[in-house]
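Residue strings, one per chain:
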Amino acid sequence: VFSRLLVANRGEIAVRVIRACRELGIETVAVHSEADRHALHVRLADRAVPIGAGPAGESYLVIPRIIRAALDNGADAVHPGYGFLSENAAFARACAEAGLIFVGPPAAVIATMGSKIAARRLMQAHGIPVVPGDAPDDQSDNSLCRALEQVGYPALVKPSAGGGGIGMRIVRDAGEAAPALTGARREAAAAFGDPTLYIERLVERPRHVEIQVLADDYGAIVHLFERECSLQRRHQKVVEETPSPALTPALRARMGEAAVAAARAAEYRNAGTIEFLVDGTGDQARFYFLEMNTRLQVEHPVTEAVTGLDLVQAQLRVAAGEPLRWAQESLTQRGHAVECRVYAEDPAHDFLPQAGPLLLYREPRGPGVRVDSGFTEGGEVPVHYDPMLAKVIVHAETRAAAIARASAALRDFPILGVRTNVPYLLAVLAHPAFDRGDVDTRFLDRETPAIVAAMHDAPVPDAAFVAAAAAFLGDVQAGASGRRSGGGSTAPPDPDAADDTRRRQDPWDFAGPWIGA
Amino acid sequence: MAAARLRGVAGTVERELTVADHGDVTIAGAAYRVAPLGPGAWRVSSDHASASVYVVRHRNGFWVHVDGRVYVVEVARAGAAARRITSVREHALAAPMPATVLSVVANVGQAVSAGETVLILEAMKMELPVRAPRDGIVSAIHCREGELVQPGVTLVEIA
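Since this is a predicted model, take the numbers as computed values, not measurements.

**Q** How would you sum up the packing of aromatic side chains? Please name residues and give values.
**A** All names here are of chain A. Under the definition given, this model contains eight aromatic pairs over all chains. Measuring from centroid to centroid gives 5.1 Å for Tyr-60 and Phe-84, while their planes differ by 25°, and the two rings are stacked. Here the residue Tyr-60 occupies a position in the loop between strand 3 (47-50) and helix 3 (63-72), and Phe-84 occupies one in the loop between strand 4 (77-79) and helix 4 (89-97), the gap between them amounting to 24 residues. With relative accessibility at 0%, the residue Tyr-60 sits in the buried group. A relative accessible area of 28% places Phe-84 in the partly exposed class. Look at Tyr-361 and Phe-413: their rings are 5.3 Å apart centre to centre, the planes differ by 70°, and that puts the pair in the edge-to-face class.

Okay, structure coming up:
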């Protein structure tokens, strides 16, 4: 395939790509910020290159430094992961100009799909259904208001650039139009540098269902079925699964065909994802093209679990010019897979992101359990990046068995030192509506206050007091005898936290506040 | 070591514990056994059930993981002055990470109720509201709008 590949990313996805390369005999070059110098991806790569300070804008987003690191270290290819520069057409172009193979689609495809309006027009022209709406060239308030009237209320005002719900506004009647347009335009300009807006009819209880596609250089395109991603909190996916409990075989087949047609229309190469909005249930449900993600998705492992494919290896082979190895008829979904995103965030305080030490971090194991993470015990969650700690991916024969397996794995995933959303994930998995598969993209935003309130009311088990007391006495004993034995409360030290370690091992500190009390 | 009498506090929940020298622990008449399993890990058993429990000392308490949930438990010998165990966090609000103060919502002397936003920070490109943990009066504000603040430093005190 390649001889050496630079991974232009960090965290679990960098680790994921490095592992795939190792299996294919490709050497890896990691890049890292100062904050990540002890990170797992740096330790696993064959080479590691520092590229700047902690903030992504001074390291992982600096195109010339990444290109320089690739050339200086003799890399012949670059994998962008997701986020950061993965959907940046200028980066794909810079790689090509430097003679590096970019593991992803051509720069022109990234650019087209980066414009929601351009993507929408392209799909419409190829007969792929899009949400009823209008994208007028005349961007004046008058023109956009006319578009709103034509599309009908309730409608959605959306920016052409970017995503993540930024700049989106629901307009329920004509009176709400003017402030919505002003607000959306301001937010879009600030976040993406592009104030262009378009109008879509609002689908009240939509599902987000996306189809994974793979395309090679020779015109072969297959789809790898769907991922159900309706469980989102503030436009951030929380739990994903496949198959979708909402898709009938007929609907799945239609959406798969539409996804392949969309990839063909875009002249797509490599792995990509077509996001659809699904309205209704059963064979009669309607689906609409939303956008195309021109990269590997965070939730790709659920597809790997049910299809048996390795998507990162497939990406590397396609980028190296190999033809696809699979015909559509040979691909099937086996069993059910669920992914839960474990974040360092505090559900009790409005999901405030948490940074800090992973004093204790023990990943769950067992049949059908996979954990993708960029962290190990003793590491540190830096303040600069997305606070995702790990993805817990489970695979089982049925949906019910997969949900039970996901719950068991999450309960067996102790993380101490930073707050996490694990209790929230457990409550979501246990929710009766999720159990029925009866959710839409706004389900979590409606239900989260009740879920969090119920978490608060849970009693503290006696076992928590018993173990804390044992650790307290163990620390006192260890401090007195100058040694620590099994069962003490001290976790392995973070290599960066020499001061902190000294403090934790100081017997006077163990006695701490109770001295002289 | 002779039997120890301890007091544990987790949020608003308080328990008296008696720990015998071979790992027998009693809470309100319920008997448990506790045995070390390795670094940070304990086996806690009763007549009905047993569980693996993970514990680390962190800041001013023990962080304890039981079956997917994490509790912060402060422990002291019974009879130690009660005020020592009152968490600093109960009346002082600090930044959870390096952040910029976006706006100071509350004023000194103002009555706030639990959950009310007293301060808005910005970090990780997100607005982070800092809320009062309980009802009280804002007794001091130690930061200004636009200021870069470090974790653990008290920003607002609530009496």
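From this point, the narrative continues.
**Q** Now, about the pairing of strand 3 (residues 24-27) of chain B: what can you tell me, with residues and values included?
**A** All names here are of chain B. Burial of the side chains of strand 3 is restricted to one face: Val-25 and Ile-27 are buried, whereas none of Asp-24 and Thr-26 on the reverse face is. As paired strands, strand 2 (residues 13-19) and strand 3 are joined by three bridges and run antiparallel to one another. When the sheet's bridge partners are listed, Thr-18 is paired in strand 3 with Thr-26. What sits between the antiparallel neighbours strand 2 and strand 3 is a turn of four residues, in which Gly-23 has the positive phi angle 90°.

**Q** With reference to specific residues and values, describe unusual backbone geometry.
**A** The linkage connecting Tyr-153 of chain A with the following residue, Pro-154 of chain A, adopts the cis geometry, with an omega of -5°. Of note in the backbone geometry, His-235 of chain A takes a positive phi value of approximately 65° without being a glycine. Within the secondary structure, His-235 of chain A sits in the loop between strand 11 (221-233) and strand 12 (236-242). Although it is not a glycine, Asp-67 of chain B sits at a positive phi angle of roughly 55°. Mapping Asp-67 of chain B onto the fold places it in the loop between strand 7 (61-66) and strand 8 (69-77). Taking relative accessible area as the criterion, Asp-67 of chain B reaches 47% and is therefore assigned partly exposed.

**Q** Give a detailed account of the sheet that holds strand 8 of chain B, specifying residues and quantitative values.
**A** Residues and elements named next belong to chain B. Pairing is antiparallel in the closed barrel, where eight strands are placed in the order 1-2-3-4-5-6-7-8. In this sheet, neighbouring strand axes are inclined to one another by 35° on average, regardless of whether the strands run parallel or antiparallel. Bridging between strand 6 (residues 50-58) and strand 7 involves six bridges; their strand directions are antiparallel. Within strand 7, the residue paired with Tyr-54 across the bridge is His-65.

**Q** If you had to explain the side chain of Ser-407 of chain A to someone new, which residues and values would you point to?
**A** Relative to the elements of secondary structure, Ser-407 of chain A occurs in helix 12 (residues 399-411). Ignoring any residue separated from it by four or fewer positions in sequence, one finds Ser-407 of chain A in contact with Leu-426 and Leu-429 of chain A.

**Q** An account of the environment of Leu-128 of chain B is needed here, citing residue identities and associated values.
**A** Within the secondary structure layout, Leu-128 of chain B lies in strand 13 (residues 126-131). Accessibility expressed as a relative area gives 2% for Leu-128 of chain B, which makes it buried. The sequence separation of Leu-128 of chain B and Thr-117 of chain B amounts to eleven residues, and the corresponding C-alpha distance is 9.8 Å. Setting aside residues no more than four positions away along its own chain, Leu-128 of chain B makes contact with Leu-352 and Pro-353 of chain A together with Met-97, Leu-119, Ile-120, Leu-121 and Ala-123 of chain B.

**Q** Describe in detail the pattern of salt bridges, supporting the description with residues and values.
**A** Counting across every chain of the model gives 40 salt bridges over all chains. The salt bridge partner of Arg-121 of chain A is Asp-137 of chain A, with a shortest N-O separation of 3.3 Å. Taken together, the positions of Arg-121 of chain A in helix 6 (residues 116-125) and Asp-137 of chain A in the loop between strand 6 (133-134) and helix 7 (141-151) put the pair 16 residues apart, joining distant regions of the chain. Classification of Arg-121 of chain A as partly exposed rests on a relative accessible area of 39%. Between Arg-411 of chain A and Asp-67 of chain B there is a salt bridge, with its nearest N and O atoms 3.1 Å apart. Note that Arg-411 of chain A is positioned in helix 12 and Asp-67 of chain B in the loop between strand 7 and strand 8, a pairing that runs across two chains. Through salt bridges with shared partners, one network takes in Glu-210, Arg-227, Lys-237, Glu-240, Glu-275, Glu-299, Glu-339 and Arg-341 of chain A.

**Q** Could you give me a rundown of the interface of chain A and chain B, with the residues and numbers involved?
**A** Each partner contributes residues to the interface: chain A has 54 residues there, and chain B has 53 residues. Across the chain A/chain B interface, buried area totals approximately 5,000 Å², and carbon plus sulfur atoms make up 71% of it. A salt bridge links Asp-350 of chain A to Arg-131 of chain B; the shortest N-O distance between them is 2.7 Å. Taken together, chain A and chain B are joined by eight residue pairs in polar contact (both at pLDDT 80 or more). Of all the secondary-structure elements, those providing two or more residues to the side of chain A that touches chain B are strand 17 (352-353), helix 12, strand 23 (415-416), helix 13 (422-429), helix 16 (462-481) and helix 18 (507-511) of chain A. When residues in the side of chain A that touches chain B are grouped by element, the largest group, 14 residues, is from helix 16 of chain A.

**Q** Can you explain the nonpolar core? Please cite residues and give values.
**A** All names here are of chain A. The biggest cluster of nonpolar side chains holds 40 residues, and the ones touching the most others in it are Val-239, Val-342, Leu-389, Leu-410 and Tyr-424. Of all the secondary-structure elements, those providing two or more residues to this core are strand 12, strand 15 (336-343), strand 22 (388-396), helix 12, helix 13, helix 14 (432-436) and helix 15 (443-457). Per element, the largest residue contribution to this core is six residues, and it comes from helix 13. With residues up to four places along the chain from it excluded, the contact list for Leu-389 reads Val-342, Tyr-343, Ala-344, Leu-358, Tyr-361, Ser-373, Gly-374, Phe-375, Val-381, Ile-415, Val-418 and Thr-420.

**Q** Please set out the state of the cysteines residue by residue, giving values where relevant.
**A** All names here are of chain A. This structure, assessed with the given rule, holds zero disulfides over all chains. Cys-95 supplies the cysteine sulfur nearest to Cys-21, a cysteine that is in no disulfide, at a spacing of 14 Å. Residue classification places Cys-21 among the buried positions, given a relative accessible area of 0%.

**Q** Before we move on, can you summarise the packing of helix 1 (residues 11-24) of chain A against helix 11 (residues 311-319) of chain A with the specific residues and values?
**A** Residues and elements named next belong to chain A. It is the contact of helix 1 with helix 11, at a shortest axis distance of 9 Å, that shows an interaxial angle of 65°. Crossing handedness for the pair helix 1 and helix 11: right-handed. Taken together, the residues of helix 11 that come into contact with helix 1 (itself represented by Arg-16, Val-17, Ala-20, Cys-21, Glu-23 and Leu-24) are Leu-311, Val-312, Gln-313, Leu-316 and Arg-317. Across the contact of helix 1 with helix 11, the residue classes tally to seven nonpolar, one polar and three charged.

**Q** Can you lay out the sheet that holds strand 7 (residues 155-159) of chain A for me, pointing to particular residues and giving the numbers?
**A** All names here are of chain A. Taken in spatial order, the four strands of this open sheet run 6-9-7-8, and their pairing is antiparallel. Strand pairing shows two members of the sheet lacking a second neighbour, strand 6 and strand 8 (169-171), which therefore form its edges. Here strand 6 pairs with strand 9 (residues 197-201) via two bridges, running antiparallel. Directly across from Asp-134, in strand 9, lies its bridge partner Ile-199.

**Q** Provide a residue-level description of the pairing of strand 14 (residues 136-141) of chain B, including the pertinent values.
**A** All names here are of chain B. Bridge count between strand 11 (residues 111-112) and strand 14: two bridges; the pairing is antiparallel. Its bridge partner lying in strand 14, Val-112 is registered against Gly-136. Judged from the three bridges that link them, strand 14 and strand 16 (residues 154-158) form a sheet pairing that is antiparallel. Note on strand 16: the bridge partner recorded for Ala-140 is Glu-157.

**Q** Give a detailed account of the packing of helix 3 of chain A against helix 4 of chain A, specifying residues and quantitative values.
**A** Residues and elements named next belong to chain A. One way to put it is that helix 3 packs onto helix 4 with a least axis distance of 10 Å and a crossing angle of 30°. The pairing of helix 3 with helix 4 is recorded here as roughly parallel in orientation. Two packed elements cross with a definite hand, and for helix 3 against helix 4 that hand is right-handed. From helix 3, Ile-63, Ile-66 and Ile-67 reach across to helix 4, where they touch Ala-90, Phe-91, Ala-94 and Cys-95.

Rules and cut-offs
- Residues numbered from 1 in each chain as written.
- Chains lettered and ligands numbered in written order.
- Predicted model: local features only at pLDDT ≥ 70, side-chain atom pairs only at ≥ 80, totals over all residues.
- Heavy atoms only, no water.
- Phe/Tyr/Trp six-rings, centres within 6.5 Å; stacked < 30°, edge-to-face > 60°.
- Helix = DSSP H or I, 4+ residues; strand = E, 2+ residues; numbered from the N terminus.
- Buried < 20%, exposed > 50% of the residue type's maximum accessible area, 1.4 Å probe, protein only.
- Pairing = 2+ DSSP bridges.
- Axes fitted to C-alpha atoms, helices over the stretch in contact; angles between N-to-C directions.
- Contact = heavy atoms within 4.5 Å.
- Salt bridge = Lys/Arg side-chain N within 4 Å of Asp/Glu carboxyl O.
- Buried area = accessible area lost by both parts, 1.4 Å probe.
- Polar contact = N/O pair within 3.5 Å; in protein donor to acceptor, adjacent residues only side chain to side chain.
- Core = buried A, V, L, I, M, F, W, Y, C linked by side-chain atoms within 4.5 Å.
- Disulfide = S-S within 2.5 Å.
- Left-handed = near helix turned anticlockwise from the far one by under 90°.
- Nonpolar A, V, L, I, M, F, W, Y, C, P; charged D, E, K, R; others polar.
- Parallel < 35°, antiparallel > 145°, perpendicular 65-115°, else oblique.

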